[in-house]
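Structural description and commentary
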Number of protein chains: 4
Amino acid sequence: MNTFGNIFRLTSYGESHGAAIGGVIDGCPPGLALDLNFIQAELDRRRPGQSRLTTARNESDRVELLSGVIDSRDSDSVKITTGTPIGFIVRNADHHSSDYDSLRDVFRPSHADFTYQAKYGIRDHRGGGRSSARETIARVVAGAIAKQALSELGIDVKAWTAQVGAIACERDWTRLDLNKIDDSPVRCPDLNVARQMEELILRVKGEGDTIGGIVAGVVTGCPAGLGEPVFGKLHAQLGAAMLSINAAKGFEYGDGFACITKRGSQQADHFNPDFSTTTNHSGGIQGGISNGMPITFRVAFKPVATLLQPQETVNLHGEAVTIQPRGRHDPCVLPRAVPIVEAMAAIVILDAYLLNCKFPNFKSQI
Amino acid sequence: MNTFGNIFRLTSYGESHGAAIGGVIDGCPPGLALDLNFIQAELDRRRPGQSRLTTARNESDRVELLSGVIDSRDSDSVKITTGTPIGFIVRNADHHSSDYDSLRDVFRPSHADFTYQAKYGIRDHRGGGRSSARETIARVVAGAIAKQALSELGIDVKAWTAQVGAIACERDWTRLDLNKIDDSPVRCPDLNVARQMEELILRVKGEGDTIGGIVAGVVTGCPAGLGEPVFGKLHAQLGAAMLSINAAKGFEYGDGFACITKRGSQQADHFNPDFSTTTNHSGGIQGGISNGMPITFRVAFKPVATLLQPQETVNLHGEAVTIQPRGRHDPCVLPRAVPIVEAMAAIVILDAYLLNCKFPNFKSQI
Amino acid sequence: MNTFGNIFRLTSYGESHGAAIGGVIDGCPPGLALDLNFIQAELDRRRPGQSRLTTARNESDRVELLSGVIDSRDSDSVKITTGTPIGFIVRNADHHSSDYDSLRDVFRPSHADFTYQAKYGIRDHRGGGRSSARETIARVVAGAIAKQALSELGIDVKAWTAQVGAIACERDWTRLDLNKIDDSPVRCPDLNVARQMEELILRVKGEGDTIGGIVAGVVTGCPAGLGEPVFGKLHAQLGAAMLSINAAKGFEYGDGFACITKRGSQQADHFNPDFSTTTNHSGGIQGGISNGMPITFRVAFKPVATLLQPQETVNLHGEAVTIQPRGRHDPCVLPRAVPIVEAMAAIVILDAYLLNCKFPNFKSQI
Amino acid sequence: MNTFGNIFRLTSYGESHGAAIGGVIDGCPPGLALDLNFIQAELDRRRPGQSRLTTARNESDRVELLSGVIDSRDSDSVKITTGTPIGFIVRNADHHSSDYDSLRDVFRPSHADFTYQAKYGIRDHRGGGRSSARETIARVVAGAIAKQALSELGIDVKAWTAQVGAIACERDWTRLDLNKIDDSPVRCPDLNVARQMEELILRVKGEGDTIGGIVAGVVTGCPAGLGEPVFGKLHAQLGAAMLSINAAKGFEYGDGFACITKRGSQQADHFNPDFSTTTNHSGGIQGGISNGMPITFRVAFKPVATLLQPQETVNLHGEAVTIQPRGRHDPCVLPRAVPIVEAMAAIVILDAYLLNCKFPNFKSQI
């Protein structure tokens with residue numbers, strides 16, 4: 001259950017304060033040129049300490065590919081995939097395990113401390129252990145590889161911070177300049193809205209509190225025909241991928257929850273002669289299968305549970321205790337969630353693409 | 001990809017106008033007494049033609065269990081599971097295939113006609129073929145079996161229509177009387193709100209149009225410890241299950257999308273000495289693992305795409321055509337979606353329960 | 001665990017004396033013309049009662065396809081696959097359940113009675129229930145469909161009875177006329193050897209005893225590149241498939257067990273300039289991947305455990321009892337095992353073929 | 001396809017001359033005390049260079065566990081599992097990559113060079129790349145962990161060299177002293193036979209040739225009820241596991257191929273009053289499910305393909321070339337295959353045990 005995907009599969013391992021985070025990527029097509037600098041750059045987008053909006057932890061998070069690639073003729077920073085599994089490792093460096101000693105026997109509110117203990121009878125209490133968002137490092141590595149495969153196929157994945165608290169940018173992505181996503185630390189492409197979001201995050205941080213929001217995403221260049229009908233619907237796979245990210249509370253695609261107040265006649269996407277549609281309420285997916293239009297979706301993230309203020313809770317014995325978190329934590333996960341959302345979307349789309357390559361062309365017709 | 005689940009697994013088959021809908025349920029625990037009348041009653045809740053809110057199609061939908069059970073001593077309507085796979089079949093009876101002849105070469109707007117053709121190069125055009133909601137019959141059968149296993153374990157699954165268009169009932173389920181869900185044809189337990197929903201649906205139907213809404217659900221009696229961390233988070237599995245239902249556009253659990261405007265300090269669920277929590281913003285799941293509190297979730301359904309009014313669209317050759325649907329269709333899927341949502345939730349929870357039974361009791365401690 | 005395969009997947013259900021045997025075939029490529037008469041003919045090859053070498057049970061075993069196909073223009077006996085799951089059912093007809101009443105509380109020696117009871121705490125005692133070889137009906141249906149897909153790809157699967165007791169035909173298949181396999185009831189293509197095998201089987205049958213043997217198989221026309229390295233080696237998948245057939249006790253491919261007394265220098269298959277090899281000790285597979293040469297393998301089947309003579313055994317309480325089987329049983333499974341071996345081989349090879357279609361052509365080179 | 005198992009799952013990665021061999025073990029039960037020295041000792045049994053019978057390569061093969069464990073109170077060399085995935089890495093140290101430069105464009109006879117090239121269009125030619133037996137390091141690590149879990153459950157797995165060329169030891173394992181397996185470098189518990197095997201291997205080595213043989217195995221203490229009927233039969237899973245080991249050519253369990261010349265009346269295993277059986281022709285498995293008797297099996301290994309003598313072969317262009325292997329290679333894989341066979345058996349049995357834990361106790365009876 002630490003494996004995700006059907007053909008392009010990521011198996012991940014690692015705890016927040018163990019020796020390393022890493023994984024194995026199976027099913028990557030052979031002959032793909034991987035730019036190692038791009039993979040590292042994606043990790044850097046996820047890295048803590050990149051701006052005053054994120055935690056001050058300074059994790060260098062250097063990835064090493066251990067297998068499944070071979071040197072290219074051209075460049076030291078380019079490796080060629082061979083079709084065999086790509087093992088990778090990111091050493092954990094900046095341990096402050098002692099920060100967590102006081103939490104050894106304590107269940108923090110709205111964390112996974114209690115549920116891990118209930119499930120396993122044992123847990124690694126340091127920094128959340130396996131439930132830490134550090135686990136998403138493995139996803140970003142796999143996503144960076146998937147993105148490069150998709151790029152060869154003309155498919156592009158973008159995500160951005162669409163809302164923080166009540167501050168939201170334009171919902172219609174075609175009216176945003178997605179090249180500006182990384183121009184603000186909050187990763188909202190509308191720089192005016194981005195500034196308001198940043199101010200809100202800093203204010204909330206100053207109060208020792210946290211705030212949630214929405215990451216929006218779009219996949220362009222995706223051919224029609226991806227996704228499996230019934231249980232493997234493309235949006236069901238995307239939804240599962242997004243909901244598996246730490247702190248995610250909801251997922252919608254196309255018009256999503258907003259469609260419920262509309263009539264069917266208002267939601268119909270009419271065809272052009274080339275089978276594109278005049279509108280895209282569907283979000284690029286019909287019956288669970290991509291229709292060639294951009295795939296749009298949104299993910300809700302809760303305010304992170306770790307507050308920098310004293311909290312009442314209980315210990316292993318059910319006794320009341322007061323905790324005062326001392327670790328370094330994000331007041332808002334949104335800016336760092338953006339590359340993770342992109343990574344999971346890229347993994348899902350590439351996997352669906354590869355799964356769809358499986359048919360020989362039998363040509364009998366009815 | 002027509003299989004769902006890990007230990008308790010449903011594989012389904014069947015098209016709207018083929019010979020039958022059916023499936024195979026693998027991994028059902030042995031020794032479970034199955035009440036066949038209950039399974040049929042669940043199918044009847046899903047059946048078209050049950051009220052003036054639903055399509056006039058009169059499908060009797062009788063299920064036959066073909067294997068995996070053996071007679072009980074007590075009653076003809078009770079069978080005992082043996083642990084081997086339960087095959088089942090529901091014959092398609094009320095065919096009006098000729099209703100669809102005019103649609104043979106046409107792609108209806110916001111249907112799966114075009115995407116199936118793009119994926120497979122061939123499709124069964126009669127009544128949507130495999131993309132028809134008739135496929136959910138198999139889910140309801142499996143769900144009815146899962147519900148009976150869960151009942152033995154003290155776990156209960158309930159869903160209801162929480163919103164139609166802009167008309168919504170109380171969100172806090174503890175303030176609703178869930179015993180009244182089936183007292184109204186729209187399956188909203190607040191009978192006053194139910195009446196308003198019914199009026200809206202009938203008005204929309206009169207206009208040849210359709211309307212969407214929200215189904216809410218709650219799982220009670222679920223022990224702490226279910227769900228797999230990382231990719232197999234319990235809410236990710238629930239989300240994938242719900243999003244795989246026809247017409248679903250969004251999923252949220254706990255406070256869902258509403259949490260984004262709250263502060264972390266407002267969202268913390270504080271522990272009681274017995275490890276229950278004073279509030280349940282989390283929706284019964286922390287870090288992807290159940291915490292013993294009720295599991296709450298909501299699913300958004302779009303207005304159905306089939307309108308009873310003329311629509312412009314294109315045919316296989318991209319040429320403009322006008323269609324006038326003649327089949328019998330629901331103006332609103334919500335009432336019939338309720339048992340399907342319950343079925344999928346029951347399957348997910350039972351599967352998670354069985355997957356969690358896997359550990360021998362090693363007792364080494366740190 | 002009642003599902004086999006990765007892309008082309010068979011899920012089967014059914015007990016010997018339940019309502020039906022059947023299954024669901026998922027992942028069958030669309031646009032394939034299925035000859036229903038061929039599927040039925042394959043079932044007839046597996047059917048009991050076809051000769052005096054097999055049991056006298058007269059099972060008509062008519063298969064009905066329930067989904068996943070659509071009428072062809074040309075013939076009522078030809079259906080076209082649509083890419084959606086193919087459900088099928090074979091009703092159980094010739095019930096002599098009362099033959100088994102005396103076995104309700106008895107564990108027959110070398111049968112699965114005790115182990116099913118140990119595993120599930122309950123069992124369907126009639127005719128072996130799920131452990132009956134009647135379950136292989138589902139495999140033959142799926143295999144007949146796989147064979148037709150393979151035929152379109154130029155791949156052919158053949159199996160034959162290579163040994164009964166000590167009587168064996170030539171091991172080198174290129175010196176046999178495989179068109180004669182069905183010319184003898186024992187399905188050995190060397191008709192002279194076949195006669196001796198038949199005599200032996202009839203003699204053993206006359207003694208109320210049973211006898212085992214070897215089925216050999218060959219896959220021709222298989223392209224190089226099928227099979228997954230490491231755990232999914234093509235011969236590991238073939239081996240698992242064969243060993244999952246009732247009464248199978250061993251599997252070998254290429255020179256198999258015979259290679260252990262040879263030197264490496266005697267076993268090397270040298271390349272021709274076209275990359276075919278001058279010999280085929282390897283059996284068409286190197287490193288788990290097909291090399292384009294014929295794939296050869298052999299499966300050992302034990303003498304069936306049901307004897308037509310009194311046997312001492314124990315009942316549920318461990319008390320000694322004597323049983324006198326009254327059902328109708330085969331003295332030798334080999335003749336009827338041949339189509340089952342072919343079916344499983346066809347499923348494995350088609351699945352490997354489809355799994356191998358997954359790669360886009362990235363062309364970076366080292 | 002680089003993942004093995006259902007609940008206890010090993011995903012492996014790594015090439016012979018890449019940076020590392022490693023893997024991820026998912027589904028290991030929590031609370032298990034792991035003796036790191038035992039894991040290393042198992043690796044040492046697999047290691048090259050341990051005797052004059054094996055290659056002179058000196059690979060230290062030190063394993064590091066990266067996650068899924070936490071310190072124990074008692075000892076630095078004992079770690080406690082937490083139920084989360086155990087990532088591990090073994091760095092490749094003793095690279096002689098240049099030994100393989102001459103093989104860059106050459107397909108060695110009876111190796112996987114050609115098939116990898118055919119499958120992927122690219123390959124890591126150094127030392128066989130992913131097809132190298134170095135990959136089995138990951139299996140031995142996972143097997144060493146599985147063995148420790150099985151030990152807690154009272155289950156023991158043993159394997160030994162039963163035959164080299166024509167020299168075989170006693171087949172009835174109860175007449176061997178399995179404590180002596182590691183007393184000879186060839187790992188045959190009959191030390192007299194072991195000496196003859198060693199002489200044969202050294203003679204063959206002196207001729208620049210290689211020789212094959214049989215590894216036998218037995219699992220004791222296994223409870224009745226493990227294994228899934230139909231496709232997941234315990235012996236089918238064992239067979240797939242063994243056949244996935246490099247150089248394996250055949251698998252049999254119980255009396256295996258030898259049973260084909262016996263009558264059914266000679267093969268019946270009669271029950272004792274405690275449901276043990278007086279004989280064990282079945283090899284501890286009936287109908288694919290363990291019956292509580294020792295599970296016995298045998299695996300045939302071919303003579304390794306790499307000869308230390310000149311060989312004629314072809315290059316990428318189909319042109320004739322002569323190769324003179326210069327790497328260091330085993331004349332016989334049997335001694336080092338023993339711990340690998342044990343590892344795979346341990347993984348299969350533990351996985352079956354965990355899968356069998358999945359049923360709650362419903363108690364309805366027929």
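Residues numbered from 1 in each chain as written. Chains lettered and ligands numbered in written order. Predicted model: local features only at pLDDT ≥ 70, side-chain atom pairs only at ≥ 80, totals over all residues. Heavy atoms only, no water.

**A short note on the overall build of chain A**
Along its length, chain A carries seven helices and 18 strands. A compact globule built from 366 residues should have a C-alpha radius of gyration of about 21 Å, and chain A, at 21 Å, falls within 12% of that. Each principal axis of the C-alpha distribution contributes one length, and for chain A these read about 70 × 55 × 40 Å. Sorting the 366 residues of chain A into buried and exposed places 69% on the buried side. In the structure as shown, chain A presents an accessible area of about 11100 Å², 46% of it carried by carbon and sulfur atoms. Where the 38 positive side-chain charges of chain A centre and where its 40 negative ones centre are 3 Å apart. (Helix = DSSP H or I, 4+ residues; strand = E, 2+ residues; numbered from the N terminus. Rg over C-alpha atoms; globule rule 2.2 N^0.38 Å. Buried < 20%, exposed > 50% of the residue type's maximum accessible area, 1.4 Å probe, protein only. Areas by Shrake-Rupley, 256 points an atom, 1.4 Å probe, with all protein chains shown as cover. Lys, Arg positive; Asp, Glu negative; His and termini not counted. Charge placed at Lys NZ, Arg CZ, Asp CG, Glu CD.)

**Some points on helix α3 (residues 136-152) of chain D**
Residue pairs three or four apart in sequence face the same way in an α-helix, which turns once every 3.6 residues. Residue and element names in this part refer to chain D. The end-to-end C-alpha separation of α3 is 24 Å, in line with the 24 Å expected for 17 residues at 1.5 Å each. Among the 17 residues of α3, 15 are classified as buried, and the element is accordingly described as predominantly covered. Taken from the residues just after α3, Gly154 is the one with a positive phi, measuring 80°. (Expected span 1.5 Å × (residues − 1).)

**Description of the pairing of strand β17 (residues 311-315) of chain B**
Residues and elements named next belong to chain B. The buried count for β17 comes to four of five residues, which makes it a mostly enclosed element. Bridge analysis of strand β9 (residues 106-107) against β17 gives two bridges, and the strand direction is antiparallel. Across the sheet, residue Val106 finds its bridge partner in β17, namely Asn315. Here β17 runs beside strand β18 (residues 320-323); their pairing, made up of four bridges, is antiparallel. By the bridge assignment, Glu312 is partnered in β18 with Thr322. A loop of four residues connects β17 with β18, the two strands running antiparallel in sequence, and Gly318 in this loop sits at a positive phi of about 80°. (Pairing = 2+ DSSP bridges.)

**Some remarks on the environment of Ser12(C)**
One can find Ser12(C) in strand β2 (residues 9-14). Note on Ser12(C): relative accessible area 0%, which makes it buried. Between the C-alpha atoms of Ser12(C) and Glu252(C), which are 240 residues apart in sequence, the distance is 26 Å. In contact with Ser12(C), other than residues within four places in its own chain, are Val24(B), Pro85(B), Asn2(C), Gly22(C), Gly23(C), Arg130(C), Glu135(C), Ala138(C), Val230(D) and Phe231(D). Side chain to side chain, Ser12(C) and Arg130(C) meet in a polar contact 2.7 Å long. (Contact = heavy atoms within 4.5 Å. Polar contact = N/O pair within 3.5 Å; in protein donor to acceptor, adjacent residues only side chain to side chain.)

**Considerations on the interface of chain A and chain B**
On the chain B side, the residues contacting the 112 residues of chain A number 111 residues. Considering only the surface of chain A that becomes buried against chain B, Met1(A), Phe231(A) and Lys249(A) emerge as the three largest contributors, covering 11% of it. Taken together, chain A and chain B are joined by four salt bridges. With its nearest N and O atoms 2.7 Å apart, the salt bridge here joins Glu207(B) to Arg263(A). Our count for the contact surface shared by chain A and chain B stands at 35 residue pairs in polar contact (both at pLDDT 80 or more). Along the lines of polarity and charge, the residues of the side of chain A that touches chain B split into 46 nonpolar, 45 polar and 21 charged. Sheet topology note: the strand β13 (residues 248-253) of chain A/strand β13 (residues 248-253) of chain B ladder contains three bridges and is antiparallel. Bridging across to β13(B), Phe251(A) finds its partner in Phe251(B). (Buried area = accessible area lost by both parts, 1.4 Å probe. Salt bridge = Lys/Arg side-chain N within 4 Å of Asp/Glu carboxyl O. Nonpolar A, V, L, I, M, F, W, Y, C, P; charged D, E, K, R; others polar.)

**Quick notes on the interface of chain C and chain D**
Contact with chain C, which involves 112 residues of that partner, is made by 112 residues of chain D. Counting each side, the surface lost to burial between chain C and chain D is near 8100 Å², with a carbon and sulfur contribution of 65%. On the surface where chain C and chain D come into contact, there are four salt bridges. Between chain C and chain D we count 33 residue pairs in polar contact (both at pLDDT 80 or more) in total. For the side of chain C that touches chain D, the residue count by class is 46 nonpolar, 45 polar and 21 charged.

**A short note on the relation of the copies chain C and chain D**
Overlay of chain C on chain D (RMSD 0.0 Å): rotation 180°, translation along the axis 0.0 Å. Seen this way, the second copy is the image of the first under a two-fold rotation axis. A shared interface surface links the copies, since 100% of the contact residues of chain C are contact residues in chain D too. (Least-squares fit on C-alpha atoms with pLDDT ≥ 70 in both.)

**Some points on the pattern of salt bridges**
A full pass over the atoms with the stated rule returns 84 salt bridges over all chains. Salt-bridge contacts for Arg91(D) lead to Glu64(A); the nearest nitrogen and oxygen are separated by 2.9 Å. A residue pair is termed interchain when its members come from two chains, as with Arg91(D) in strand β8 (residues 86-91) and Glu64(A) in strand β5 (residues 63-65). By relative accessible area, which is 36% here, Arg91(D) ends up partly exposed. Salt-bridge contacts for Arg298(A) lead to Glu252(A); the nearest nitrogen and oxygen are separated by 2.7 Å. You can see Arg298(A) sitting in strand β16 (residues 295-301) and its partner Glu252(A) sitting in strand β13, a full 46 residues away along the chain. With a relative accessible area of 14%, Arg298(A) lands in the buried category. Using a relative accessible area of 2% as the deciding quantity, one classes Glu252(A) as buried. Taken together, the shared-partner salt bridges in this structure form one network comprising Glu42(A), Arg45(A), Lys147(A), Asp182(A), Arg187(A) and Glu342(A).

**So, helix α1 (residues 36-46) of chain C**
Residue and element names in this part refer to chain C. Within the sequence span of α1, burial applies to Ile39, Gln40, Glu42, Leu43, Arg45 and Arg46. Those residues of α1 that are buried lie in contact with β4 (33-35), β5 (63-65), β8 (86-91), α3 (136-152) and α7 (334-356). N-capping of α1 is provided by Asp35, with a side-chain oxygen placed 2.8 Å from the backbone N of Asn37.

**Looking at the side chain of Gln237(A)**
Summarising the element assignment, Gln237(A) is placed in helix α5 (residues 234-243). At 2.8 Å, the side chain of Gln237(A) forms a polar contact with the backbone oxygen of Gly232(A). Beyond its immediate stretch of four places on either side in the chain, Gln237(A) contacts Phe4(A), Asn6(A), Gly232(A), Val348(A), Asp351(A) and Met1(B).

**Remarks on the sheet that holds β8(D)**
Strands in a sheet are paired, the pairing made by backbone hydrogen bonds, and the direction either parallel or antiparallel. All names here are of chain D. Pairing is antiparallel across the open sheet formed by five strands, whose spatial order is β1-β2-β3-β8-β5. Edge positions in the open sheet fall to β1 (3-4) and β5 (63-65), since each of these has one partner strand only. Both strand β3 (residues 20-26) and β8 contribute to a ladder of six bridges, which runs antiparallel. Across the sheet, Ile21 pairs through a bridge with Val90, a residue of β8.

**A word on the relation of the copies chain A and chain B**
Two copies of one chain are present, and they are related through a rotation about an axis combined with an axial shift. Laying chain A over chain B is done by rotating through 180° and shifting 0.0 Å along the axis; what remains is an RMSD of 0.0 Å. A symmetric contact is evident, with 99% of the interface residues of chain A recurring at the interface of chain B.

**Quick look at the packing of aromatic side chains**
Counted by the stated rule, this structure contains 34 aromatic pairs over all chains. When the centroid spacing of 5.5 Å and the interplanar angle of 70° are considered together, the rings of Phe107(A) and Phe275(B) count as edge-to-face. Residue Phe107(A) is found in strand β9 (residues 106-107), and its partner Phe275(B) is found in the loop between α6 (264-267) and β14 (285-286); the two belong to separate chains. One aromatic cluster in this structure is built from Phe107(A), Phe114(A), Phe271(B) and Phe275(B). In this structure, Lys119(A) is placed above the aromatic ring of Tyr120(A), and the distance from its NZ or CZ to the ring centre is 5.9 Å. Over the face of the ring belonging to Tyr253(B) we find Lys249(A), whose NZ or CZ atom lies 3.9 Å from the ring centre. (Phe/Tyr/Trp six-rings, centres within 6.5 Å; stacked < 30°, edge-to-face > 60°. Lys NZ or Arg CZ within 6 Å of the ring centre and 35° of its normal.)

**Thoughts on the sheet that holds strand β7 (residues 78-81) of chain A**
All names here are of chain A. Strands sit in the order β4-β7-β6 across an open sheet of three strands; the sheet is antiparallel. Edge strands, defined here as strands with exactly one partner in the open sheet, are β4 (33-35) and β6 (69-71). For this sheet, the mean angle separating the axes of adjacent strands, direction not counted, is 40°. Here β4 runs beside β7; their pairing, made up of three bridges, is antiparallel. Paired with Leu34 across the bridge in β7 is Lys79. Contacting β4 and β7, helix α1 (residues 36-46) runs over the sheet at an angle of about 45° to β4. (Axes fitted to C-alpha atoms, helices over the stretch in contact; angles between N-to-C directions.)

**Side note on the confidence of the model for chain A**
In the predicted model, chain A carries a mean pLDDT of 92, and the fraction of residues at 70 or more is 94%. Model confidence for the complex is summarised by a pTM of 0.96, with the ipTM given as 0.96. (pLDDT = per-residue confidence, 0-100.)

**Some words on the environment of Ile80(B)**
On the secondary structure map, Ile80(B) appears in strand β7 (residues 78-81). Separated by 85 residues in the primary sequence, Ile80(B) and Gly165(B) have C-alpha atoms spaced 43 Å apart.

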